[in-house]
Amino acid sequence: MSAYLGVDLSLTGRRWEGPDAELLRQAEAIAQRTDLAPAVCATLARAGVAPEAAEGYLSPQLRELLPDPKGLRDMERAAARIVSAATRGERIAIFADYDVDGGASAALLLDWLAAVGRGATLYVPDRIDEGYGPNVPAMRALAAEHDLIVCVDCGTLSHDPVAAAEGADVVVLDHHLAGETLPPAHAVVNPNRQDEDGRLAHLCAAGVVFLMLVEAGRQLRAAGRTGPDLVPLLDLVALATVADVAPLTGVNRALVRQGLKVMGWRERPGLVALADVARLDRAPDPYALGFVLGPRINAGGRVGQADLGARLLATRDAAEAEALARRLEALNEERRGIEASVRASAMAQAEARGLDAPLVWAAGEGWHPGVVGIVASRLKEAANRPAVVIGLEGGEGKGSGRSVAGVDLGAAVQRLAAEGLLLKGGGHRMAAGLTVAPEHLEPAMARLAELLARQGAGAAGPRALRLDGTLMPGAATPELVEALEAAGPFGAGAAAPRFAFPDLAIRHAKRVGETHLKLSLSDGMGGTIDAIAFGAFEGDLGPRLEAHGGARVHVAGRLEMNHWRGRSTVQLRLEDAAFAGA
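It should be emphasised that the depicted structure is a prediction, and the values quoted were computed from it without experimental measurement. (Residues numbered from 1 in each chain as written. Predicted model: local features only at pLDDT ≥ 70, side-chain atom pairs only at ≥ 80, totals over all residues. Heavy atoms only, no water.)

S.K.: Give a detailed account of helix α15 (residues 318–353), specifying residues and quantitative values.
M.R.: Note on helix geometry: an α-helix contains 3.6 residues per turn, so any two residues three or four positions apart are oriented the same way. When the terminal C-alpha atoms of α15 are compared, their 50 Å separation across 36 residues agrees well with the 52 Å that a helix rising 1.5 Å per residue should span. One or two positions beyond α15, positive phi appears at Gly354, with a value near 115°. (Helix = DSSP H or I, 4+ residues; strand = E, 2+ residues; numbered from the N terminus. Expected span 1.5 Å × (residues − 1).)

S.K.: Give me the lowdown on the packing of aromatic side chains, citing residues and values where you can.
M.R.: Under the counting rule described, the total for this entry stands at two aromatic pairs. Directly above the aromatic system of Phe537 lies the positively charged group of Arg511, at a separation of 3.9 Å from the ring centroid. Cation over ring: Arg573 sits above Tyr287, and NZ or CZ is 4.9 Å from the ring centre. (Phe/Tyr/Trp six-rings, centres within 6.5 Å; stacked < 30°, edge-to-face > 60°. Lys NZ or Arg CZ within 6 Å of the ring centre and 35° of its normal.)

S.K.: Lay out the sheet that holds strand β5 (residues 169–173) in plain terms, naming residues and giving numbers.
M.R.: What the five strands build is an open sheet, ordered β3-β2-β4-β5-β6; its pairing is parallel. Of all the strands in the sheet, the pair left with one neighbour each is β3 (121–123) and β6 (187–189). Neighbour-to-neighbour, the strand axes of this sheet turn through a mean angle of 15°, independent of strand direction. Relative to strand β4 (residues 148–152), strand β2 (residues 92–96) is paired through five bridges, and the arrangement is parallel. (Pairing = 2+ DSSP bridges. Axes fitted to C-alpha atoms, helices over the stretch in contact; angles between N-to-C directions.)

S.K.: Which residues make up the pairing of strand β14 (residues 516–522), and what values go with them?
M.R.: Of all the seven residues making up β14, five are buried; the element is thus mostly covered by neighbouring parts of the structure. Both strand β13 (residues 499–512) and β14 contribute to a ladder of seven bridges, which runs antiparallel. The residue bridging Ala509 from the neighbouring strand is Leu519, located in β14. For β14 and strand β15 (residues 528–533), the ladder comprises six bridges, and the chain directions are antiparallel. Residue pairing across strands places Ser522 opposite Thr528, the latter belonging to β15. The turn joining β14 and β15, which pair antiparallel and follow one another in sequence, is formed by five residues; a positive phi near 80° is taken by Gly524. (Buried < 20%, exposed > 50% of the residue type's maximum accessible area, 1.4 Å probe, protein only.)

S.K.: Account for unusual backbone geometry, naming residues and giving values.
M.R.: Residues Gly488 and Pro489 are joined by a peptide bond in cis, for which omega reads 5°. Assignment of secondary structure puts Pro489 in the loop between α19 (478–485) and β13. Located in the positive-phi region is Asn384, a residue other than glycine, with phi close to 55°. Relative to the helices and strands, Asn384 is located in the loop between α16 (372–383) and β8 (387–393). For Asp503, which is not glycine, the phi dihedral falls at a positive 55°.

What is shown is where atoms sit, not what they do.
See the structure below:
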């Protein structure tokens, strides 16, 4: 298929691709059955929505999409044990991962237990001193003082630590890829167990915990008791789903959509305080969850105190929430400085090694393990290939990897661990963690590159920018933006609609801050649209457009509402451009 609008190589080095003939036919079929705008029809067609399902897709009902929790193995057993512990007043501990998903999962349980009149001990391991997941000393200590330990967002591969919890039952609620055998827990609920059918493999840990609470509610009702209302907990599920980059399809889409509404109520003190500290002055959306709130919650686990995020999400005290939010804001600023230093070194090393291999990787002495995952994301974005970044210290390397669509990094890392090239490793399709001995670093990365190459990593040519069609500035109305948002929320696995605006003149181009570019564009027939290109001066896009010399341009990006000083206008979040006729 020829390049869309003839753009084979854009200013960001991408090839533009438009909808194929089948998508165009599907969009037309939706248009004939509904009164939706063509741009909305194109968006629904790309999402695979059948014409007869279009109206329902725009108004998803969680009640209809929520799967039966009992479809997951061990679910009834896990819920029964937690209900029993709560109703009998047993001592409960929650062992949580230190990221947003782990913190939100812990907060879900803490909220639910509080609603039934019970408390629990929260334990979040230190990233540097203890590493990811349950460890033998911590589990042994918790078991000595508790009757039940619930591991959230971790535990599936923790055979020895679970076995060490003598005298206590252990329930695992997780979503990371499982091995051939499961730990000796009372119950292991995980849609990515090898004996699961994979229908719910896209759930994050908080989604698994939420389903467990649904089942717990059923069991309470069967016993003649009323369980807590679960709707107010959906803000936590939405936050975790987006921050953990789970695909926004199926039930995840409904969970996030409803969770954003709950978050808009501003009833959770921790999220209210964090939004205020971050100066988030608009209704919550997936971008705010993934790029504003999520990094701040993660900051505690990355460079500070590991349990700060979970405590922020669980607290009902406004003063405590404000104090925790300010602490996380300060840690996030510290994290940014550390990340910038590691990123510069990692990028230089990766570029020297070459960005065209199946795997892009870098390793450095003393690199902070709390930022290697973020830096791996930056390398992945720069090279459009799976990336791994490793910090070496104390005779071992702790690393994190991020993948691209279609390449299962977690499975490859798990295989590497099974082959003995890693001390440990695991994860899921898009992200993984690993620990490696320095003497095995080079052979491990070479083998990982080989495994990823077999999946097609590194085989693609120029990156593609997939567009849903063309629009003229006059069509970019607030009503269209609202209609497009109804097809969301958008994020991982559900790309936001992107449109090209062809053959426009640049009326004004102004640099904003250090790296951004603000544009005013015109079609020459009275239609105009404002655009903002974030980070444009980090590459060629900003300088080339700023020095346009009167040349007309094709621009591409996402439509959004810009709220500024009481006014709301449509703007294009510009992601790419090409000079017309170039």
